[in-house]
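# Structural features, examined
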Amino acid sequence: MKIIFAGTPEPAAVSLEYLLADDRLEVVAVVTQPDAKRGRGRTLHPSKVAEVAQQHGIPTYKWPTLARDSESGVEARQILSDLAHTGVTAAAVVAYGNLIPADLLDVFDHGWINLHFSVLPRWRGAAPVQAAIAAGDEVTGASTFRIEKGLDTGPVIATSEEPIGLEDTTDDLLTRLTYSGRVLLADSLVSLSDATAQPTPQPVEGVTHAAKIRSADAQIQWNDPARVIQRVARAHTPAPGAWTMLGDKRYKIGMMLPHAGSEQLAAGQLALSGNAVIVGTGEGSLEITRIQPPGKKMMAAQDWARGQRELWNSDPHFLSPQNDEQGV
């Protein structure tokens, strides 16, 4: 089966590598985002997908947009049409980051097949892994579907499930879904080729949406219940990173775990319990196990606490905000 691949970041590159190694598939071209400025020198670097494509000598197209009235859009339509005439029957899509215009959705016989990291129709949108963790879902997964005009609304070809553990961060969960999802994507493409796939329209019930994450979303609201705070922190790890204020300084908070001690702490109040750093919430307490002071790397909270003699001598001490009204 001849396909093209459209994707940009590291998870997409993992899928591309897998598809290239699958002798049932032939990747004849790659579409990705243009080179972007990164690092201290702000020099241009190709996407992770472009790097993989270059290593394998695959023609790569870096169109900034596929819009019909753009120069790149005109070129894209000609090239994609030519590829279809040479036998390409589908486009595999993983975190491409560009809108596929309606007039291109049917350029290939089997369309554009997207790998999405949720069990649709739950968590359509930009940040499904983060949304699943923050909502307290016990299980999430991956879906392959044919792209339509709507946002993640197309018929589902296949799904897989993945449990969410108490200490799973977005990074942990996304890594597992990336590696299981690449297999799902390859098998879905082959099933379309041999006519064994049975695409199923998504149900109307159970639709939820996962909006793009903002830094403000990662600010911890200590007046929330401990179980909610713990999930929200994991959902925003590693990026943009859960954060809070201590005085006039901004700290990132890493892993927090439920604390069953007898301390009666106000929301946002810090305390030491032995060597453990404990913080009160609107309901229950949490142990902060990892913390990143401004200008430093993430570290064990116990190590940070040992250097805070002045802080512990000025009781009480609060992280902020302690309620929703103070949130950013």
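Residues numbered from 1 in each chain as written. Predicted model: local features only at pLDDT ≥ 70, side-chain atom pairs only at ≥ 80, totals over all residues. Heavy atoms only, no water.

We count it as follows: UniProt positions are given in the numbering used here, feature names are shortened, and annotations may be inferred rather than shown by experiment.
Where an unreviewed UniProt entry is consulted, the chain appears under the name Methionyl-tRNA formyltransferase, with the organism given as Corynebacterium urogenitale. Looking at the chain in UniProt, the text filed under Sequence similarities (unreviewed entry) is "Belongs to the Fmt family." Per UniProt, the comment on the chain under Catalytic activity (unreviewed entry) is "L-methionyl-tRNA(fMet) + (6R)-10-formyltetrahydrofolate = N-formyl-L-methionyl-tRNA(fMet) + (6S)-5,6,7,8-tetrahydrofolate + H(+)".

### Concerning the overall build of the chain
Condition: Numbering of helices and strands runs from the N terminus, with a helix taken as a DSSP run of H or I at least four residues long and a strand as a DSSP run of E at least two residues long. When a residue's accessible area, from a 1.4 Å probe over protein chains only, is under 20% of the maximum for its type it is buried; when over 50% it is exposed; and in between it is partly exposed. Residue contacts are defined here by distance: any two heavy atoms, one from each residue, within 4.5 Å place the two residues in contact. Within this scheme the basic residues Lys and Arg register as positive and the acidic residues Asp and Glu register as negative, but His and the chain ends are omitted. All charge positions are set by atom: Lys at NZ, Arg at CZ, Asp at CG, Glu at CD.
For the chain, the helix and strand inventory stands at eight helices and 20 strands. Taking the principal axes of the C-alpha coordinates as reference, the chain spans close to 75 × 45 × 35 Å. Looking at the chain as a whole, 48% of its 328 residues qualify as buried. The long-range share in the chain, meaning contacts at least 24 apart out of those at least 6 apart in sequence, stands at 67%. Computing the positive centroid from 29 side-chain charges and the negative centroid from 38, the chain places the two 7 Å apart.

### Notes on the nonpolar core
Rules: Throughout, nonpolar core names a set of buried Ala, Val, Leu, Ile, Met, Phe, Trp, Tyr and Cys residues whose side chains join them through atoms within 4.5 Å.
Judged by nonpolar contacts, the single largest core of 38 residues is most densely connected at Ile 3, Phe 5, Leu 19, Val 27, Val 30, Leu 185 and Leu 189. Counting only elements with at least two residues in this core, the list comes to strand S1 (2-7), helix H1 (10-21), strand S2 (26-31), helix H2 (48-55), strand S6 (88-94), strand S7 (112-116), helix H4 (128-135) and helix H5 (170-193). When residues of this core are assigned to their parent elements, the largest contribution, eight residues, is made by H5. With sequence-adjacent residues up to four places away left out, Phe 5 is seen in contact with Ala 12, Ser 15, Leu 16, Leu 19, Val 27, Ala 29, Val 30, Val 31, Val 49, Ala 92 and Val 94.

### Observations concerning the confidence of the model for the chain
Applicable threshold: Values of pLDDT, the confidence the predictor places in each residue, fall between 0 and 100.
Taken residue by residue, the chain gives an average pLDDT of 94. The fraction at 70 or more is 97%. Here residues 324-328 is a poorly scored stretch, pLDDT under 50, and it has nine contacts once near neighbours within four places are set aside; other chains count.

### Things to note about the packing of H4 against helix H6 (residues 226-235)
Using the following cut-off: Fitted lines through C-alpha atoms give the axes, limited to the stretch in contact for helices. The angle between two N-to-C directions lies from 0 to 180 degrees. To sort the angles, those under 35 degrees are grouped as roughly parallel, those over 145 as roughly antiparallel, those from 65 to 115 as roughly perpendicular, and the leftovers as oblique. Two helices crossing with the near one rotated counterclockwise from the far one by less than a right angle form a left-handed crossing, whereas a clockwise rotation gives a right-handed crossing. When residues are sorted by character, Ala, Val, Leu, Ile, Met, Phe, Trp, Tyr, Cys and Pro go into the nonpolar class, Asp, Glu, Lys and Arg into the charged class, and all the rest, Gly among them, into the polar class.
Put simply, H4 and H6 touch, their axes get as near as 7 Å, and they point 165° apart. Considering their axes alone, H4 and H6 lie roughly antiparallel with respect to each other. For the pair H4 and H6, the sense of crossing is right-handed. Counted together, Gln 130, Ile 133, Ala 134 and Ala 135 of H4 and Arg 231, Arg 234 and Ala 235 of H6 form the full contact between these two elements. Broken down by class, the residue content of the contact of H4 with H6 amounts to four nonpolar, one polar and two charged.

### What to know about the pattern of salt bridges
Applicable threshold: Whenever Lys or Arg places a side-chain nitrogen within 4 Å of a carboxyl oxygen from Asp or Glu, that contact is recorded as a salt bridge.
Scanning all chains against the criterion turns up 12 salt bridges. Here Asp 103 ties to Arg 77 by a salt bridge, and the two come within 2.8 Å at their closest N and O atoms. Taken together, the residues Asp 103 in the loop between S6 and S7 and Arg 77 in helix H3 (residues 71-85) connect sequence positions 26 residues apart. Overall, the relative accessible area of 37% leaves Asp 103 in the partly exposed class. Given the relative accessible area of 14%, Arg 77 is considered buried. Through salt bridges with shared partners, a single network forms among Asp 22, Arg 24 and Asp 187.

### Focus: the sheet that holds S6
This is how the line gets drawn: By definition, two strands form a pair when at least two bridges between them are found by DSSP.
Overall, mixed pairing links the seven strands, which are arranged S5-S2-S1-S6-S7-S9-S10 in an open sheet. Two strands in the sheet have a free side with no partner beyond their single neighbour: strand S5 (60-61) and strand S10 (156-163). Across the sheet, H5 is in contact with S1, S6, S7, strand S9 (139-146) and S10; its angle to S10 comes to roughly 155°.

### Some thoughts on H5
Worth spelling out the cut-off: Expected helix span is taken as 1.5 Å per residue step, with the number of steps being one fewer than the number of residues. Two axes enter the definition of the bend at a residue: one is fitted to the seven residues ending there, the other to the seven starting there, and the bend is the angle between them.
With 24 residues, H5 should reach 34 Å at 1.5 Å per residue; the first-to-last C-alpha distance of 33 Å fits that figure. At Ser 180, H5 shows its largest kink, close to 25°. One or two steps after H5, the chain reaches Ala 195, where phi turns positive at roughly 65°.

### Notes on the UniProt feature "binding site: (6S)-5,6,7,8-tetrahydrofolate" (unreviewed entry) in the chain
Per the UniProt entry, the sites bearing "binding site: (6S)-5,6,7,8-tetrahydrofolate" (unreviewed entry) are Ser 118, Val 119, Leu 120 and Pro 121 in this numbering. Topologically, Ser 118 is positioned in the loop between S7 and strand S8 (124-125). Not counting the four nearest positions on each side in its chain, Ser 118 is found in contact with Trp 123, Pro 128, Thr 140, Gly 141, Ala 142 and Ser 143. Tracing the backbone through its elements, the reader meets Val 119 in the loop between S7 and S8.

### A look at the sheet that holds strand S14 (residues 256-259)
If you trace the four strands from one edge of the open sheet to the other, you get S14-S17-S16-S15, paired in antiparallel fashion. What marks the edges here is a single partner per strand, and that holds for S14 and strand S15 (270-273). If you compare each strand with its neighbour and ignore which way they point, the axes differ by 40° on average. The pairing of strand S16 (residues 276-280) with strand S17 (residues 285-288) spans four bridges and is antiparallel. In the sheet register, Val 277 faces S17, and the bridge partner there is Ile 288.

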